[in-house]
Amino acid sequence: MTPILLLGAGRMGGALIEGWRDAGAFDPTQILVRDPFVSDTLAASGAVINPPDAELSKARTVLLAVKPQLWREAGAAIADLLADDAIIVSIIAGVPAADIAAVFGGRRVARVMPTTAVSIRQGAASLYADDAEALAAARALFEPVATVAELASEDLLHAATGVSGSAPAYLYAFVEALEAAGVAAGLDPVQSADLTRATMAGAAALMRQSGEDPSTLRKQVTSPNGTTQAALEVLTKEGALEKLLTDTVAACVKRSRELAGS
């Protein structure tokens, strides 16, 4: 599946390169990058930066990682330079595989919805392709740096965006709000930030490492009639938290469908 051509190496493309490097997943010289803006980190990665057009025909896998508004222009600019059997792996939210295939001359396409924690090899990635080789290529790219889930239909990528692709922002917003609540309760802002972030990171790590169901972990730290129960009664009163998150994911799914034109 190498060489790999990254078409765009912004936040997510750069995160993947960091994760692949730490995992030793690919020889850096087998990673070709096309991007007009090259960071110092990217320049020092060992990847081949902005190779000449003739080199693009060597790419076996093309990772489409440009900004959503630029993907058609970027794809059209290189489609005729690629090998006929090159596989396109897109991480662009809301753009159907059929549209991508049309721009890339009918080449096989896999779609992936990843998270930026691929940079520390703790990402999540939802995969879909209707071609087995394209699906295998996507898995090979993301399995070294993420927990991967193969979806049964392309339509499910909208839901995966709601519960995974966009979800890190929900967590960060929750942490921001909890830090502010700590300050309102009397903590110094630095203390509140330190305690909140360490607590959230530790709880997530424990859930991952223990393999316990989150409901089990919640019960383990909730003593009857204790302080945690009092807090949870506010957070979950009349199903408020479940409804809030259901509405949150639904809004994300709706916007994803709008972007896809469906």
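Everything below is about the structure shown above.
Please read these numbers as outputs of a predicted model, since none were measured by experiment. (Residues numbered from 1 in each chain as written. Predicted model: local features only at pLDDT ≥ 70, side-chain atom pairs only at ≥ 80, totals over all residues. Heavy atoms only, no water.)

Novice: Residues and numbers for the overall build of the protein chain, please.
Specialist: The secondary structure content of the protein chain amounts to 11 helices and eight strands. Overall, the protein chain is about 70 × 40 × 30 Å in size when its C-alpha atoms are taken along their principal axes. Looking at the protein chain as a whole, 37% of its 262 residues qualify as buried. The contacts in the protein chain between residues at least 6 apart in sequence include a share of 58% that link residues at least 24 apart. Summed over its atoms, the accessible surface of the protein chain is roughly 14100 Å², and 57% of this surface lies on carbon and sulfur atoms. In the protein chain, 21 side chains carry a positive charge and 30 a negative one; their mean positions are 2 Å apart. (Helix = DSSP H or I, 4+ residues; strand = E, 2+ residues; numbered from the N terminus. Buried < 20%, exposed > 50% of the residue type's maximum accessible area, 1.4 Å probe, protein only. Contact = heavy atoms within 4.5 Å. Areas by Shrake-Rupley, 256 points an atom, 1.4 Å probe, with all protein chains shown as cover. Lys, Arg positive; Asp, Glu negative; His and termini not counted. Charge placed at Lys NZ, Arg CZ, Asp CG, Glu CD.)

Novice: Summarise the packing of aromatic side chains; cite the residues concerned and give the values.
Specialist: Counted under the stated rule, the structure contains one aromatic pair. Here the aromatic rings of tryptophan 20 and phenylalanine 26 are separated by 5.2 Å at their centres, their planes lie at 85 degrees, and the arrangement is edge-to-face. The burial state of tryptophan 20 is the same as that of phenylalanine 26; both residues are buried. (Phe/Tyr/Trp six-rings, centres within 6.5 Å; stacked < 30°, edge-to-face > 60°.)

Novice: Residues and numbers for the pairing of strand β1 (residues 4-7), please.
Specialist: Here β1 shows a buried face lined by Ile4 and Leu6 and a second buried face lined by Leu5 and Leu7. In this structure, β1 lies alongside strand β2 (residues 31-34), joined through four bridges in parallel fashion. When the bridges of β2 are listed, leucine 6 appears paired with valine 33. At this point the chain moves from β1, through helix α1 (residues 11-23), to the parallel β2, and the crossover so formed is right-handed. Across four bridges, the pairing between β1 and strand β4 (residues 61-64) is parallel. Across the sheet, the residue bridging to leucine 5 is valine 62, located in β4. (Pairing = 2+ DSSP bridges. Right-handed = clockwise from strand over helix to strand, strands pointing away.)

Novice: Break down helix α7 (residues 167-184) for me, citing the residues and quoting the values.
Specialist: Helical geometry note: an α-helix holds 3.6 residues per turn, so side chains three or four residues apart project in the same direction. The end-to-end C-alpha distance of α7 is 26 Å, a good match for the 26 Å that 18 residues give at a rise of 1.5 Å each. Where α7 is buried, its residues contact α6 (156-165) and α8 (189-210). Of the residues trailing α7, glycine 186 is marked for its positive phi of about 120 degrees. (Expected span 1.5 Å × (residues − 1).)

Novice: Let's hear about the nonpolar core: which residues, and what values?
Specialist: If you look at the biggest cluster of nonpolar residues, it comprises 33 residues, and the most contacted ones within it are Trp20, Leu63, Val89 and Phe142. Looking at this core, the elements that each hand over two or more residues are β1, α1, β2, β5 (87-90), β6 (109-114), β7 (123-128), α5 (132-142) and β8 (146-150). At six residues, α5 tops the list of elements feeding residues into this core. Those residues in contact with phenylalanine 142 that lie beyond four places of it in its chain are Leu16, Leu63, Val89, Ile91, Val112, Pro114, Ala125 and Val148. Of all hydrophobic cores here, the second largest spans 23 residues; its members include Leu5, Ala74, Ala97 and Ala101. (Core = buried A, V, L, I, M, F, W, Y, C linked by side-chain atoms within 4.5 Å.)

Novice: Residue-level account of the pattern of salt bridges, with values.
Specialist: Here the structure, examined in full by the defined rule, presents 16 salt bridges. The salt bridge partner of arginine 139 is glutamate 150, with a shortest N-O separation of 2.8 Å. Taken together, the residues arginine 139 in helix α5 and glutamate 150 in strand β8 connect sequence positions 11 residues apart. Salt bridges linked by common partners bring Arg108, Asp131 and Glu133 together as one network. (Salt bridge = Lys/Arg side-chain N within 4 Å of Asp/Glu carboxyl O.)

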